[in-house]
Amino acid sequence: MRRAQNGTVRHSDEIETPRGPARADTDLPVGPVDTLLVLGHGAGGDVDAPDLLAVRDAVIDAGMGVIRVTQPYRVAGRRAPAPAGHLDEAWRAVLTVLRQRHPTVLRWVVGGRSSGARVACRTARAVGAVGVVALAFPLHPPGRPERSRADELAAGLPTLVVNGDRDPFGVPKPVPGVEVVVRPGERHDLRVDPAGTAAVVRDWLHARGWASA
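Residues numbered from 1 in each chain as written. Predicted model: local features only at pLDDT ≥ 70, side-chain atom pairs only at ≥ 80, totals over all residues. Heavy atoms only, no water.

Trainee: How should the pairing of strand S6 (residues 107-113) be read in this particular structure?
Mentor: It is a general feature of regular strands that their side chains alternate between the two faces of the sheet. Among the 7 residues of S6, 6 are classified as buried, and the element is accordingly described as predominantly covered. Here strand S4 (residues 35-40) runs beside S6; their pairing, made up of 6 bridges, is parallel. Counted as the bridge partner of leucine 37 is valine 109 from S6. Pairing of S6 with strand S7 (residues 131-135), which is carried by 5 bridges, proceeds in the parallel orientation. Pairing of valine 110 across the sheet is with valine 132, part of S7. For the crossover that starts at S6, traverses helix H4 (residues 115-123) and ends in the parallel S7, the hand is right-handed. (Buried < 20%, exposed > 50% of the residue type's maximum accessible area, 1.4 Å probe, protein only. Helix = DSSP H or I, 4+ residues; strand = E, 2+ residues; numbered from the N terminus. Pairing = 2+ DSSP bridges. Right-handed = clockwise from strand over helix to strand, strands pointing away.)

See the structure below:
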């Protein structure tokens, strides 16, 4: 465990799951933490994606803790994603351990980008989350709008989706309980303005009383 220049406590370690070890990168602000945001990565990516790092920084500045989780297949050095059931199983196992580590946290928000957003949506209720943050939610495979994954957004919890208007994976439509913010000029990687994307997330969390301004 180490302390960053801004006082943030940072810690990285592995957590055993039924699908092999996952990795948790934890960033906690100074003082007590009431809400933790747990983020997963995209299918072939990692937790250092620009949008995930920007969200981490913005949310910590707003008084929340952030834990970025690397799935076991990526820890093992593979880029091809594991089956959805394996991803969900590992994610649930990690959240169980994290809850044991942070028993005083009152609220858990889950999320991620792309594949990680799908995992968070599918498992949100099972892990006891109060909300979901879905970055670059892949509504359908590129060029295959008939293969919609919109049903995965029906977590029954407050959900924020942030997608680019040029995302080849499509943009979900807002429905009750699911707010969709479309970022102009952004593609699936949300690399044009990560800070702007992070501000959308921070403001959404603040509007629900989970983060300070």
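Additional details are given in the paragraphs that follow.
Trainee: I would appreciate a short explanation of unusual backbone geometry in the present structure.
Mentor: Peptide bonds are mostly trans, and most non-glycine residues show a negative phi. The phi torsion at serine 114 lies on the positive side, around 55°, for a residue other than glycine. On the secondary structure map, serine 114 appears in the loop between S6 and H4. Taking the relative accessible area as the measure of exposure, serine 114 reaches 10% and is therefore buried. The backbone phi angle of leucine 190 is positive, close to 50°, even though this residue is not glycine.

Trainee: Mind showing me how you'd approach the pattern of salt bridges here?
Mentor: Oppositely charged side chains can pair when the atoms bearing their charge come close. Under the criterion given, the structure shown has 16 salt bridges. In this structure, arginine 10 and aspartate 27 form a salt bridge, with 2.6 Å as the shortest nitrogen-oxygen distance. Separated by 17 residues along the polypeptide, arginine 10 in strand S2 (residues 9-15) and aspartate 27 in strand S3 (residues 22-28) bring together distant segments of the chain. Exposure remark for aspartate 27: the relative accessible area of 1% places this residue in the buried category. The residue arginine 118 makes a salt bridge to glutamate 152 at a minimum N-O spacing of 2.7 Å. Placement of the pair is arginine 118 in helix H4 and glutamate 152 in the loop between S7 and strand S8 (159-164), with a sequence separation of 34 residues. Residues joined by salt bridges that share partners form a network here, namely Arg10, Asp27, Asp48 and Arg68. (Salt bridge = Lys/Arg side-chain N within 4 Å of Asp/Glu carboxyl O.)

Trainee: Can you help me understand the packing of helix H1 (residues 50-61) against helix H5 (residues 194-207) in this one?
Mentor: Angle between the axes and distance between the axes: these two values describe a pair of packed helices. Relative to each other, H1 and H5 sit at 45°, their axes nearing to 8 Å. Looking at the two axes, H1 sits oblique to H5. The interaxial crossing formed by H1 with H5 has right-handed handedness. Counted together, Pro50, Asp51, Ala54, Val55, Ala58 and Val59 of H1 and Pro194, Ala195, Ala198, Val201, Arg202 and Leu205 of H5 form the full contact between these two elements. (Axes fitted to C-alpha atoms, helices over the stretch in contact; angles between N-to-C directions. Parallel < 35°, antiparallel > 145°, perpendicular 65-115°, else oblique. Left-handed = near helix turned anticlockwise from the far one by under 90°. Contact = heavy atoms within 4.5 Å.)

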